[in-house]
Amino acid sequence: MMDEFASESDSDYTSYWRDWFISSRGNEYFCEIDEDYLTDRFNLTGLNTEVQYYQYALDLITDVFDLDCDDEMRETIEKSARHLYGLIHARYIVTTRGLAKMLDKYKKADFGKCPRVFCHSHPLLPMGQTDAPHQKPVKLYCVRCEDVYNPKSSRHAAIDGAYFGTSFHNIMFQVYPALVPPKSSERYVPRVYGFKVHASASLIRWQNGQRHKMLRRLRKMEVESGFKDDGGAEDLDEEDDEEDDVELDELDRAEADAMHVVG
Amino acid sequence: MMSSSSGTPESWISSFCSLLGHEYFAEVSEEFIEDDFNLTGLQTQVAMYKEALEMILDVEPEEDEDEDEEDEEEEDESIEGADRMRHGERRNHSRIASDLSVIESSAEMLYGLIHQRFICSRAGIQQMSEKYELGHFGVCPRNHCEQARTLPVGLSDIPGEETVKLFCPSCLDVYVPPNSRFQTVDGAFFGRTFGALFLLTFPEYDLTKRGADVLAGARISDNDKEMLNGMYTCNIAPGLGSAKIYEPRIYGFRVSELARSGPRMQWLRDKPDDLSELDEARKFAEDNPDSDDDDESMNLHGRPVRRLRQQRKNHGQGGSPVPMETNGAESEL
Ligand SMILES: [Zn+2]
Ligand SMILES: [Zn+2]
């Protein structure tokens, strides 16, 4: 925040409302929207019909609110301001500056870490399942397993997903591809006294087949797969068999070798 | 120390299980602990084994001259003979405080190791099913699993390696429990077998049901009782499949697989639309009329099954693979 003040045109200005908003408990997923962005009407196109008392709400966000009104009215405007902030936030975080701010938060794991064991606490990003407000609450995206998780805290689970939108998290990794971690085929294999369970084992073999098909498609198109162990000496789908009680299946081994020749 | 003679209201076991962070534990029955067979091999796993066991069973140590002599009824030499003990046996130990803390932590370790075995026994897995129904193990954090119930599991059977994790039968993946208080609970106290054994033991739970529905006894309906690979088809990873895979999009456009940041992990959440594709025995016979392929896995009854594909060509017979049971590693159930 300090360096932000130094770099902003409004360096001698304190953003009371926004400061309060982003530091409120439960609002940890939001970053602070620049004064510059808020005061450029072009960025707010169309939002005036989305919130009640739009102008008052905007005045509140930008600390120029000076309407004399009763508490009830004040509360209504306050609520509108929070909603408006969220809607602007969804637009702001896909700008260069907004992405950079969210990246900082991502690096600090402000949005939490992936609960999947084999993602090894990889940081998450907030996301919406729709861009329309009042539809679905915010979810968390893990770029390592490419799946979507529920926030742990009920305070976070109540936030509107539209305040983050459906594109932001994907734009983040398109703009900063170096942030995409190496992919891994490491996974859980249900076992009973060391034996794989037939039903899950057959599904896992099928899934490994799907992964191989994808890797072959990518190789054909000369696209890097992102798997750290892709193309190495050991084949991907053999790793869960390594510590097996049962001898490595000879046929699969033969298939695996054939796969390398194809690749 | 708890005293068995003063009629203490709470046993060591129930007070251990009511500690914060111990919500996943079942209360191992004294009966189970008193059966020496169930403790086979644990004597060498913990320090001050006898004292630890006494603590768990709330046996008060007392003056006894021939403490090291074993009584000889039903002696079993396969188990390190000197280390046997029975409930009620009185021993004399002048305990100093440091001993006590060693015994206390040994007792916790020993209880955990017994617990790993107990929850795979008939009585133990039954108790765990009651806890499952009551929602003691929480739900899957994955969005598409829609609050499917999870089971506590270990990634290792050896203590000290990994903390307890939650296995989701809906997506077949494992997760870190949401509350940090579980991050001090050893995963070996639940072990690698319990999660999958639970599914094989209680195949009729409808894995997609949540909350009160589970308590209300939601079971899969008779119409859904089609079986595949030893499980009801509707219970094979119900949280996976083409409709339950996240599709990354930017402004409505799907991110291409060919993009550097494109999807690479969808296989992990995939499942064939037509599950009969997983009927490998049938499929294999169709696709590979002559090759050798052994595979071992478990069937519904927790018994290992060795599928000997085309093995019989050695006997000069062709034909489809036949499941055959071996008698190795049969479960305790
Ligand atoms: Zn993940
Ligand atoms: Zn799940």
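Here the structure is a predicted model, which means the values were calculated and not measured.

Undergrad: Requested: an account of the packing of aromatic side chains, with residues and values cited.
TA: The relative placement of two aromatic rings is captured by the distance of their centres and the angle of their planes. Scanning all chains against the criterion turns up 36 aromatic pairs over all chains. Ring geometry for Phe 198 of chain B versus Phe 202 of chain B: centroids 5.0 Å apart, planes at 55°, classification tilted. Across the pair, exposure class does not vary: Phe 198 of chain B and Phe 202 of chain B are buried alike. Through a chain of ring-to-ring contacts, the aromatic side chains of Trp 17, Trp 20, Phe 21, Tyr 29, Phe 30, Tyr 85, Phe 111, Tyr 163 and Phe 164 of chain A assemble into a single cluster. In this structure, Arg 211 of chain A packs its charged tip against the face of Trp 267 of chain B, placed 4.4 Å from the ring centre.

Undergrad: I'd like a description of the coordination of the zinc ion (ligand 2), backed by residues and values.
TA: Residue and element names in this part refer to chain B. Protein ligation of the zinc ion (ligand 2) involves Cys 140 (SG), Cys 145 (SG), Cys 168 (SG) and Cys 171 (SG), the donor distances falling in the range 2.3 Å. Bound by four donor atoms, the zinc ion (ligand 2) shows angles of 104 to 118° at the metal and therefore tetrahedral coordination geometry. All donors of the zinc ion (ligand 2) come from a single chain, and their spacing in sequence reads C-x4-C-x22-C-x2-C. Here Cys 145 is found in the loop between α5 (122-133) and β1 (151-153), whereas its partner Cys 168 is found in strand β2 (residues 165-168), with 23 residues between them in sequence. By the burial criterion, Cys 145 is buried, and Cys 168 matches it.

Undergrad: Outline the environment of Gln 147 of chain B, listing residues and values.
TA: Considering the arrangement of structural elements, one finds Gln 147 of chain B in the loop between α5 and β1. Taking the relative accessible area as the measure of exposure, Gln 147 of chain B reaches 34% and is therefore partly exposed. In this structure Gln 147 of chain B touches Asn 150 of chain A together with Val 139, Cys 140 and Arg 210 of chain B, once residues within four positions along its chain are discounted.

Undergrad: So, the side chain of His 89 of chain A: which residues are in play, and what are the values?
TA: All names here are of chain A. Structurally, His 89 is set in helix α5 (residues 71-92). Within the structure, the side chain of His 89 is placed 3.0 Å from the backbone oxygen of Tyr 163, a separation counted as a polar contact. The residues touching His 89, leaving out its near neighbours within four places in the chain, are Tyr 29, Phe 30, Cys 31, Ile 33, Met 102, Tyr 163 and Phe 164.

Undergrad: Would you mind going over a negative patch on the surface in detail, with residue names and values included?
TA: All names here are of chain B. Taken together, the side chains of Glu 30, Glu 31, Glu 34 and Asp 35 define an acidic patch exposed on the protein surface. Mapped onto the elements of the fold, Glu 31 is located in helix α2 (residues 30-34). On the accessibility criterion, Glu 31 (66% relative accessible area) is exposed.

Undergrad: Can you break down helix α4 (residues 97-118) of chain B residue by residue, with the values?
TA: Along its 22 residues, α4 of chain B runs 30 Å from first to last C-alpha, staying within 8% of the 32 Å computed at 1.5 Å per residue. On its buried face, α4 of chain B sits against α1 (12-17), α2, α3 (49-56) and α5 of chain B.

Undergrad: Talk me through the interface of chain B and chain A; I want residue IDs and the actual numbers.
TA: With 65 residues of chain B in contact, the opposing surface of chain A contributes 62 residues. Run the count over chain B and chain A and you get four salt bridges. Across the salt bridge formed by Asp 147 of chain A and Arg 142 of chain B, the nearest N and O atoms sit 2.6 Å from each other. Applying the counting criterion to the chain B and chain A interface returns 26 residue pairs in polar contact (both at pLDDT 80 or more). Elements supplying a minimum of two residues to the side of chain B that touches chain A: β2, β3 (173-175), α6 (194-201), β6 (249-250), α8 (280-287), β8 (293-298) and β9 (304-309) of chain B. Here the residues of the side of chain B that touches chain A are counted per class, giving 35 nonpolar, ten polar and 20 charged.

Undergrad: For the coordination of the zinc ion (ligand 1), give the residues involved together with the corresponding values.
TA: Residues and elements named next belong to chain A. For the zinc ion (ligand 1), every protein donor is listed as Cys 114 (SG), Cys 119 (SG), Cys 142 (SG) and Cys 145 (SG), and the spread of their distances is 2.3 Å. In this structure, the zinc ion (ligand 1) is surrounded by four donor atoms whose angles at the metal cover 103 to 118°, and the resulting shape is tetrahedral. Every donor residue of the zinc ion (ligand 1) comes from the same chain, spaced as C-x4-C-x22-C-x2-C. With a gap of 31 residues between them, Cys 114 in the loop between α6 (96-107) and β1 (125-127) and Cys 145 in the loop between β2 (139-142) and β3 (147-149) connect regions that are remote in the sequence.

Rules behind the numbers
- Residues numbered from 1 in each chain as written.
- Chains lettered and ligands numbered in written order.
- Predicted model: local features only at pLDDT ≥ 70, side-chain atom pairs only at ≥ 80, totals over all residues.
- Heavy atoms only, no water.
- Phe/Tyr/Trp six-rings, centres within 6.5 Å; stacked < 30°, edge-to-face > 60°.
- Buried < 20%, exposed > 50% of the residue type's maximum accessible area, 1.4 Å probe, protein only.
- Lys NZ or Arg CZ within 6 Å of the ring centre and 35° of its normal.
- Donors = N, O, S within 2.8 Å, 3.2 Å for Na, K, Ca; no water.
- Tetrahedral: all angles 85-135°; square planar, octahedral: opposite > 155°, others 65-115°.
- Helix = DSSP H or I, 4+ residues; strand = E, 2+ residues; numbered from the N terminus.
- Contact = heavy atoms within 4.5 Å.
- Polar contact = N/O pair within 3.5 Å; in protein donor to acceptor, adjacent residues only side chain to side chain.
- Patch = residues over 30% accessible without salt bridge, like charges linked within 9 Å, V, L, I, M, F, W, Y side chains within 5 Å.
- Areas by Shrake-Rupley, 256 points an atom, 1.4 Å probe, with all protein chains shown as cover.
- Salt bridge = Lys/Arg side-chain N within 4 Å of Asp/Glu carboxyl O.
- Lys, Arg positive; Asp, Glu negative; His and termini not counted.
- Charge placed at Lys NZ, Arg CZ, Asp CG, Glu CD.
- Expected span 1.5 Å × (residues − 1).
- Nonpolar A, V, L, I, M, F, W, Y, C, P; charged D, E, K, R; others polar.

Honestly, that's just the spatial picture; any functional story needs more than this.
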